[in-house]
Amino acid sequence: MQQTVIYAGTFDPITNGHLDIIQRSSRLFGKVIVAVAKNPSKQPLFSLEQRVELVKQSCQHLKNVEVIGFSGLLVDFAKEYGATSLVRGIRGADDIEYEIQLAQLNQKLSGNLETIFLPPAVEWRYLSSTMIREIYRHQGDVAQFVPPVVVDALKRLD
């Protein structure tokens, strides 16, 4: 049986840290669905459609990865797509408490959805989309932190 997992986030924008988690997940599991969240409580730099497209372009070399935009509860999305587990990236101790609470809540809501925590590779541990947006807003160069398609998309925003 092919195990389907979901890696969810807003990916605004996708970073090399996100891509590291996606690539490693694609080696561990039969199918990885990257679920790009609408998340109305945030003010994204890119629209949902743009973020989905950026993630698709960044992952096109990974044959067992599918990218889908969604809104609503992640547990409902997981059930709809037959996912058995969620993959979550954790950068350090600051992430752990929140991620454990989220995992326990998702398991309680779904009854059986497991969460697997993956730390990013050491070179991306400090990286977040928030930091990328901040560097971009101050006209800094983000090319070493994001896939090339994101660099091009940021240039088009100017």
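Residues numbered from 1 in each chain as written. Predicted model: local features only at pLDDT ≥ 70, side-chain atom pairs only at ≥ 80, totals over all residues. Heavy atoms only, no water.

Caption draft 1: Just the overall build of the chain, in detail. Scanning the chain from terminus to terminus reveals 6 helices and 5 strands. In the chain, the succession of helices and strands from N to C terminus is β-α-β-α-β-α-β-α-β-α-α. Along the first, second and third principal axes, the C-alpha set of the chain runs to 45 × 35 × 30 Å. Counting every position in the chain, which comprises 158 residues, the buried fraction comes to 48%. (Helix = DSSP H or I, 4+ residues; strand = E, 2+ residues; numbered from the N terminus. Buried < 20%, exposed > 50% of the residue type's maximum accessible area, 1.4 Å probe, protein only.)

Caption draft 2: Region of the structure containing the nonpolar core. Membership of the largest hydrophobic core comes to 34 residues, with the highest contact counts inside it found for Ile22, Val34, Val36, Val55 and Val65. Mapped by element, the contributors of at least two residues to this core are strand 1 (4-9), helix 1 (16-28), strand 2 (31-37), helix 2 (48-59), strand 3 (65-70), helix 5 (129-137) and helix 6 (148-157). Counting residues per element, this core draws most heavily on helix 2, at 5 residues. Setting aside residues no more than four positions away along its own chain, Val55 makes contact with Phe11, Ile14, Val34, Val36 and Val67. Membership of the second largest hydrophobic core comes to 14 residues, among which are Ala35, Phe70, Val75 and Leu113. (Core = buried A, V, L, I, M, F, W, Y, C linked by side-chain atoms within 4.5 Å. Contact = heavy atoms within 4.5 Å.)

Caption draft 3: Helix 2, seen in detail. Here helix 2 is 12 residues long and its end C-alpha atoms lie 16 Å apart, about the 16 Å a rise of 1.5 Å per residue gives. For helix 2, the secondary structure elements touched by its buried residues are helix 1, strand 2, strand 3 and helix 6. (Expected span 1.5 Å × (residues − 1).)

Caption draft 4: Fine view of the side chain of Thr15. When you line up the elements, Thr15 lands in the loop between strand 1 and helix 1. When neighbours within four sequence positions are excluded, Thr15 is seen to be in contact with Leu127, Ser128, Ser129, Ile132, Phe145, Val146 and Pro147.

Caption draft 5: Just the packing of helix 2 against helix 6, in detail. Look at helix 2 against helix 6: their axes get within 9 Å of each other, and the N-to-C directions meet at 150°. Here Leu54, Gln57 and Ser58 of helix 2 lie close against helix 6, whose contacting residues are Val149, Val150 and Ala153. Of the residues belonging to the contact of helix 2 with helix 6, the class tally is 4 nonpolar, 2 polar and no charged. (Axes fitted to C-alpha atoms, helices over the stretch in contact; angles between N-to-C directions. Nonpolar A, V, L, I, M, F, W, Y, C, P; charged D, E, K, R; others polar.)

Caption draft 6: Local environment of the environment of Arg24. In this fold, Arg24 is placed in helix 1. With 94 residues separating them in the primary sequence, Arg24 and Leu118 have C-alpha atoms 8.9 Å apart. When residues no more than four places from it in sequence are discounted, the contact partners of Arg24 are Leu118, Pro119, Pro120 and Ala121. In this structure the side chain of Arg24 is engaged in a polar contact, spanning 2.9 Å, whose partner is the side chain of Asp20. (Polar contact = N/O pair within 3.5 Å; in protein donor to acceptor, adjacent residues only side chain to side chain.)

Caption draft 7: Here's a closer look at the pairing of strand 1. The element strand 1 is largely enclosed, with a buried count of 6 among its 6 residues. With burial as the criterion, each face of strand 1 is covered, one bearing Thr4, Ile6 and Ala8 and the other bearing Val5, Tyr7 and Gly9. The pairing of strand 1 with strand 2 spans 6 bridges and is parallel. Note that in strand 2 the partner of Ile6 across the bridge is Ile33. One crossover worth recording links strand 1 to the parallel strand 2 by way of helix 1, and it is right-handed. Note that strand 1 and strand 4 (residues 85-89) share 3 bridges and pair parallel. (Pairing = 2+ DSSP bridges. Right-handed = clockwise from strand over helix to strand, strands pointing away.)

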